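Here is how the chains run, residue by residue.
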Amino acid sequence: MGTRVGEMSPQVFAERYGTGAPMLLGKVELDNGQWITGFGCDHAAPAQGRDITEYRGWLAAMS
């Protein structure tokens, strides 16, 4: 899966991208061992949502 790292506070990210249930912000570990704030999805959401795996990331799925 592709990684996009930017300089944005979790609060600004949530306001700009409208993260709300089932989306959530939390810590993720990158391949280099660095921990950053990233976003994920509640474990129950896939049963109700669209699978975007083929797009290799949400930005590509949204375009």
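Every value quoted in this text rests on a predicted model; they were computed, and no experiment measured them.

## Here we look at the overall build of the chain
- When its secondary structure is counted, the chain shows 2 helices and 2 strands.
- Taken over 63 residues, the chain has a buried fraction of 11%.
- Long-range contacts, defined here as pairs at least 24 residues apart, represent 20% of the contacts in the chain between residues at least 6 apart.
- Accessible surface for the chain amounts to roughly 5,300 Å². Of this, 53% is attributable to carbon and sulfur atoms.

## Considerations on the environment of Met 8
- Along the chain, the position of Met 8 falls in the segment before helix H1 (10-17).
- Owing to a relative accessible area of 34%, Met 8 belongs among the partly exposed residues under this scheme.

## A word on the pairing of strand E2 (residues 35-41)
- Examined bridge by bridge, strand E1 (residues 23-29) and E2 share 7 bridges and lie antiparallel to one another. Looking across to E2, one finds that Met 23 is bridged to Cys 41.
- As consecutive antiparallel partners, E1 and E2 are separated by 5 residues, and within that stretch Gly 33 has a phi angle of approximately 90 degrees, a positive value.

Rules used throughout
Residues numbered from 1 in each chain as written. Predicted model: local features only at pLDDT ≥ 70, side-chain atom pairs only at ≥ 80, totals over all residues. Heavy atoms only, no water. Helix = DSSP H or I, 4+ residues; strand = E, 2+ residues; numbered from the N terminus. Buried < 20%, exposed > 50% of the residue type's maximum accessible area, 1.4 Å probe, protein only. Contact = heavy atoms within 4.5 Å. Areas by Shrake-Rupley, 256 points an atom, 1.4 Å probe, with all protein chains shown as cover. Pairing = 2+ DSSP bridges.

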